[in-house]
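Fold and geometry: a report
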Amino acid sequence: MYFWSIKNHRNEEIHRFNLFSYFRYFCSCISTRNTIKNIDESAPAPLLNSKNTFVLTETSTDPKYGYDKDYPINIFYISTVNDTINQERFLKALAGPNGEKISYSKLESCCPFPTKRSDMGAGFLDVYEIFWEGASKPLRLYFNIYEKGRLLIPKGLTAKKEE
């Protein structure tokens with residue numbers, strides 16, 4: 001009986017420590033300040049073409065746009081129920097540097113930040129890998145579905161020509 005109570009007490013301590021560690025880790029990941037530099041609440045709503053992709057006409061002059069977590073592509077969506085629809089609309093409107101067809105895949109969600117547009121009070125950036133035939137290495141683009149901003153073509157890419 002004495003051995004069981006020591007063992008049980010030890011398991012409780014381990015369990016309590018694990019819960020505390022998890023809570024501490026989760027809370028430490030969420031920044032208390034927003035580091036995203038390119039939020040623009042007055043940005044116009046993007047237009048859609050006949051293929052249901054965004055109409056992209058302007059290339060960013062900022063080499064960080066889309067490639068840096070502090071300068072993500074802000075593709076605010078009114079509801080996060082279908083949180084990938086605007087990412088797909090944006091990515092399907094892009095082409096490689098010489099008009100090549102691109103492929104993409106979502107790598108991860110990262111970089112938590114505070115936002116009022118989430119029930120949790122925090123948002124995450126989605127990271128996509130972009131590649132095309134002849135690319136020396138894939139590119140990584142950061143997307144923010146919670147905030148608004150002007151939609152631009154990231155440097156090094158082009159707008160896909162409508163067929």
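Quick caveat, the model's predicted, so the values are computed rather than measured.

Notes on the pattern of salt bridges
Tallied over the full model, the rule gives four salt bridges. Glu 41 is paired through a salt bridge with Arg 117; the nearest N and O atoms lie 2.8 Å apart. Taken as a pair, Glu 41 in the loop between helix H1 (2-29) and strand E1 (73-74) and Arg 117 in the loop between strand E3 (102-114) and strand E4 (122-132) lie far apart in primary sequence, 76 residues in all. The partly exposed category is assigned to Arg 117, whose relative accessible area is 32%. Here the salt bridges do not stand alone but share partners, grouping Glu 41, Arg 117 and Glu 147 into one network.

Quick notes on the state of the cysteines
For the structure on display, the rule yields one disulfide. Two residues share a disulfide in this structure: Cys 110 and Cys 111, whose sulfurs sit 2.3 Å from each other. Taking the torsion about the sulfur-sulfur bond, which here is approximately -75°, the covalent link between Cys 110 and Cys 111 counts as left-handed.

Considering the pairing of strand E5 (residues 139-144)
Note: E1 against E5, two bridges, orientation parallel. Note that in E5 the partner of Ile 73 across the bridge is Phe 143. As paired strands, E4 and E5 are joined by five bridges and run antiparallel to one another. Each bridged residue has a counterpart across the sheet, and for Ile 130 the counterpart in E5 is Leu 139. Once E4 ends, the chain turns through six residues before running back antiparallel as E5, passing Gly 134 with a positive phi of about 95°.

A word on the layout of surface pockets
What the largest pocket holds in volume is close to 340 Å³. Around the largest pocket, the lining is made up of 18 residues, and of these Asn 49, Thr 53, Lys 92, Ala 93 and Lys 160 lie nearest the centre. A breakdown of the residues in the lining of the largest pocket according to their chemical character gives nine nonpolar, two polar and seven charged.

About the thresholds
- Residues numbered from 1 in each chain as written.
- Predicted model: local features only at pLDDT ≥ 70, side-chain atom pairs only at ≥ 80, totals over all residues.
- Heavy atoms only, no water.
- Salt bridge = Lys/Arg side-chain N within 4 Å of Asp/Glu carboxyl O.
- Helix = DSSP H or I, 4+ residues; strand = E, 2+ residues; numbered from the N terminus.
- Buried < 20%, exposed > 50% of the residue type's maximum accessible area, 1.4 Å probe, protein only.
- Disulfide = S-S within 2.5 Å.
- Pairing = 2+ DSSP bridges.
- 1 Å grid on protein atoms, 1.4 Å probe; cavity = no way out; pocket = protein on both sides within 12 Å on 5 of 7 lines; lining within 4 Å.
- Points joined across faces, edges and corners; volume = space filled by probe spheres on them.
- Nonpolar A, V, L, I, M, F, W, Y, C, P; charged D, E, K, R; others polar.

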